[in-house]
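Residues per chain are reported as follows:
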Amino acid sequence: MNTHGEDTILEILQSAVLTIFGGTGDLAYRKLYPALYSLYKKDQLKEDFAVIGTARREWDDAYLREVVIDSIGDAKISDEHVEKFASHFYYQSHNVNDVENYDTLNELIDKLENKYQTCGNRIFYLSVSPSLFGTIARNLKLQHLENERGFTRLVIEKPFGNDYESSKKLNDEIMEHFEEEQIYRVDHYLEKDWIQAIIPFRFSNPVIESLWNHNMIDFINIKVNETLGIGERGVYFDETGALRDMFQNHILQLISLLLMKRPSVLSSSAISEAKVEALQQLQTYTVENIDNHFIRGQYKAGSNNKDAVDYRQEPNVSANSMTETYVAGKLLSNDNNWSGVPVYFTTGKYLTKKVTHVDIHFKEDKDSIFDEQTANKLSILIDPEQTIELVLNGKKAEYTLDPAPLSFQPTEPSKSAGDYEKLMYHVFSGNRTHFVHWNELEVSWKFVDHILENWEKADSPLHFYEVNTTGPEATNELFN
Ligand code: NAD
């Protein structure tokens, strides 16, 4: 364990003063305050913590506390309980560009450290536009907001850049003042139960580990599909597209967890190293063959949803936009363990079913003594269902030995805490396993930039699909 108390996978919540930049924002209201209350309700967050909300608005403690209580709504145990929780909240009007505001903030943190006995532990949650991340990091350091008695952790919301260059620039700005071990880059998908379960499922079950290779696995299929369009997010989405918005982070993270080798030890850094190695092994493609591996699509109005419009008619979207709302891909790895095993994925807006899941298809038995049998399959259901399902073969009927599929699921599907509740838990306990290391971001952004460049150079087609269908027909050709 280092001096900041990180890299342990011990799950012990530590007392701290948490400062949220963007305390008046949507994310704080919808996710961060309710997440903290869930931990408090479960008695995981005790009384030795304080939260400072900061933003430009001229709020005061009393008003922030009202907002916090409102954000919790019916989840409260009682009025008294939620008021006691809210009494831990303080507000400071703060412009992140004004260095003097950091001195006032430091004084407030000092005062709260004494009041709540938080041992100098400080967490700064940057829930603001990425353009402010560098400024905040610099001012926190130069205005001496670290207390050497305890740890200082910086939680950084996404998006972390728009390509390799911009993410590196952002990272350089932050790392000029903070160590990698202090930085918690958020990808809330990594807090989903069955994404987190991949590591114990693969590496604590010898029976599974022995199957996890090209001898046994035929192909992997990942779906991260949504049923809605881009809504009000036109400005952001038209600049971003599905490849950056979903593939660069969530899907590449999933792929790295599925393909990585067993980490040398169970620590955040060893897991991250194994993930980076898996990402580095992914094959890259050229102008000549990019279309055989990645296709892009865009939704248009259709009969399945009378309210939907063409993507190009959405508010704040360019009338001749080439931005993809759908991507399908077929990836291969250079790792011998994965020789010849394609990893297929789809992700898109306005598809038929909202689902995040992974199917591991096992090879069929070429020497089978049966005429027909179902191929074995393991499904990792991440969202909205959260469980696993294993398809094996049993027996069809009383008088024959014909195989019939048997499907196994845990009888008790896991009861999950919310993504942001777990995220807060991991920040307070110093567990960086479910956050994104810079080395992972570096490889994944380079991989994504390469696809985008080659699509551009190859003038790859944009495949249109009608809303609330299964996506462009070109996907079938790609996957066959
Ligand atoms: P928001 O626009 O609702 O809030 C932004 C906050 O930043 C406000 O509190 C505002 O006062 C503050 N702010 C802006 N300029 C400031 C300045 N100069 N000094 C001090 N404070 C300033 O945004 P949001 O939706 O809460 O998102 C915050 C971050 O979280 C963004 O990076 C966003 O991409 C990310 N994020 C948001 C969501 C979500 O569901 N809202 C989901 C994932 C990631």
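See the structure printed just above.
Below is a summary of the structure that appears in this document. Counting of residues starts from 1 at the beginning of each chain's written sequence and follows it residue by residue. Per-residue local features are limited, in this predicted model, to residues with pLDDT of at least 70; the limit for side-chain atom pairs, both in listing and counting, is 80 or more; totals at the level of whole chains, interfaces and linings are taken over all residues. Side-chain descriptors were evaluated using all non-hydrogen atoms of the structure, hydrogens and water having been removed beforehand.

Let us look at the site of the ligand. Any residue with a heavy atom positioned within 4 Å of a molecule or strand is treated as near that molecule or strand. By nearness alone, 19 residues border the ligand, and Thr24, Asp26, Leu27, Arg30 and Val128 come closest of all. Contact distances for the ligand include 2.7 Å between a nitrogen atom and a side-chain N or O atom of Asp26. Between the ligand and Arg30, the relevant distance is 2.5 Å, taken from an oxygen atom to a side-chain nitrogen or oxygen of the residue. About the coverage of the ligand: the protein hides 73% of its 830 Å² of free accessible area. Any pair of nitrogen or oxygen atoms within 3.5 Å is treated as a polar contact; in protein, a donor-acceptor pairing is required on top of that, and neighbouring residues in sequence qualify only through side-chain atoms on both sides. Surface exposure here means Shrake-Rupley accessible area, sampled with a 1.4 Å probe, where a residue is shielded only by the protein chains that are shown.

Note on conventions: DSSP H or I runs of at least 4 residues are helices, E runs of at least 2 residues are strands, and numbering of each starts at the N terminus. Note that Thr469 resides in the loop between β15 (462–466) and α14 (474–479). With 116 residues separating them in the primary sequence, Thr469 and Lys353 have C-alpha atoms 8.7 Å apart. Whether two residues are in contact is decided by their heavy atoms: any pair within 4.5 Å suffices. Sequence-distant contacts of Thr469, that is, excluding residues within four places in its chain, are made with Asn304, Tyr350, Leu351 and Thr352.

Next up on the list: the pattern of salt bridges. It is possible for side chains of opposite charge to pair when their charged atoms get near one another. Think of a salt bridge as a Lys or Arg side-chain nitrogen and an Asp or Glu carboxyl oxygen that are within 4 Å of each other. This structure, assessed with the given rule, holds 20 salt bridges. A salt bridge links Lys275 to Glu440; the shortest N-O distance between them is 3.2 Å. Here the residue Lys275 occupies a position in helix α11 (residues 268–280), and Glu440 occupies one in helix α13 (residues 438–458), the gap between them amounting to 165 residues. For the pair Lys275 and Glu440, one class covers both residues: buried. Its salt-bridge partner being Glu442, residue Lys446 comes within 3.6 Å of it at the nearest N-O pair. With Lys446 and Glu442 both in helix α13 and four residues apart, the pair spans about one turn of that helix. One network of salt bridges, with partners in common, ties together Asp110, Glu113 and Arg122. The classification of residues rests on relative accessible area computed with a 1.4 Å probe and restricted to protein chains. Under 20% of the type maximum is buried, over 50% is exposed, and intermediate values are partly exposed.

For the rest of this paragraph, the subject is the layout of surface pockets. The rolling of a water-molecule-sized probe over the atoms marks out the regions of remaining empty space. The definitions used throughout rest on a 1 Å grid laid over the protein atoms alone, on which a cavity is an enclosed set of points accommodating a 1.4 Å probe that cannot get out and a pocket is an open set flanked by protein within 12 Å on both sides along at least five of seven lines; lining residues are those having an atom within 4 Å of a point. Grid points are joined across faces, edges and corners, and a volume is the space filled by probe spheres set on the points. Of the volumes computed, that of the largest pocket is approximately 1000 Å³. In this structure, the largest pocket is lined by 39 residues; those nearest its centre are Leu27, Glu157, Lys158, Pro159 and Tyr420. Counting only elements with at least two residues in the lining of the largest pocket, the list comes to α1 (26–41), α10 (234–259), α12 (419–429) and α13. No other element matches α10, which puts eight residues into the lining of the largest pocket. In this structure, the second largest pocket is lined by 22 residues; those nearest its centre are Glu226, Arg233, Met246, Lys349 and Lys354. For the lining of the second largest pocket, the secondary-structure elements that each account for two or more residues are β7 (217–225), α10 and β11 (355–362). Per-element tally for the lining of the second largest pocket: the top contributor is α10, with three residues. Across the lining of the second largest pocket, the residue classes break down as six nonpolar, seven polar and nine charged. Charged means Asp, Glu, Lys or Arg here, nonpolar means Ala, Val, Leu, Ile, Met, Phe, Trp, Tyr, Cys or Pro, and polar covers whatever is left, Gly included.

Overall, the coordinates contain two cavities of 30 Å³ or more when judged by the stated rule. Of the pockets and cavities examined, the largest cavity occupies roughly 60 Å³. In this structure, the largest cavity is lined by Ser268, Ile271, Ser272, Lys275, Arg432, Thr433, Phe435, Val436, His437 and Glu440. Of the residues forming the lining of the largest cavity, the biggest block, four residues, is contributed by α11. When the residues that make up the lining of the largest cavity are grouped by side-chain class, the tally is three nonpolar, four polar and three charged.

Maximal helix bending in α10 amounts to about 95°, located at Gly241. Where burial is concerned, most of α10 is hidden: 23 out of the 26 residues are buried. The angle separating two fitted axes, one through the seven residues that finish at a residue and one through the seven that start at it, defines the bend at that residue.

The next subject is the pairing of β7. Only when DSSP finds a minimum of two bridges between them are two strands counted as paired. Sheet topology note: the β7/β11 ladder contains eight bridges and is antiparallel. Paired with Asn221 across the strands is Asp359, a residue of β11. In the sheet, β7 pairs with strand β10 (residues 343–348) via six bridges, with the strands oriented parallel. Bridging across to β10, Ile220 finds its partner in Val343.

Another aspect to go through is the sheet that holds β11. Strand order across the open sheet formed by nine strands is β14-β13-β12-β11-β7-β10-β9-β8-β15, with mixed pairing between neighbours. Here the strands that pair on one side only, and so sit at the sheet edges, are β14 (403–408) and β15. For this sheet, the mean inter-axis angle between neighbouring strands, taken without regard to orientation, is 20°. Against the sheet, α13 makes contact with β8 (294–300) and β9 (326–331), and its axis sits at roughly 75° relative to β8, the strand it touches most. Axis lines are fitted to C-alpha atoms, over the contacting stretch for helices. Their N-to-C directions set the angle, which ranges from 0 to 180 degrees.

Let's shift gears to the packing of helix α2 (residues 61–72) against helix α3 (residues 79–86). Viewed as axis vectors pointing N to C, α2 and α3 meet at an angle of 130°, and their least axial separation amounts to 9 Å. The orientation of α2 with respect to α3, classified from their angle, is oblique. The handedness of the crossing between α2 and α3 comes out as right-handed. Here α2 contributes Arg65, Val68, Ile69 and Ile72 to the contact with α3, which in turn contributes Val82, Glu83, Phe85 and Ala86. An angle below 35 degrees is read as roughly parallel, one above 145 as roughly antiparallel, one from 65 to 115 as roughly perpendicular, and any other as oblique. In this scheme, a crossing is called left-handed if the near helix is turned counterclockwise away from the far one by less than a right angle; it is called right-handed if the turn is clockwise.

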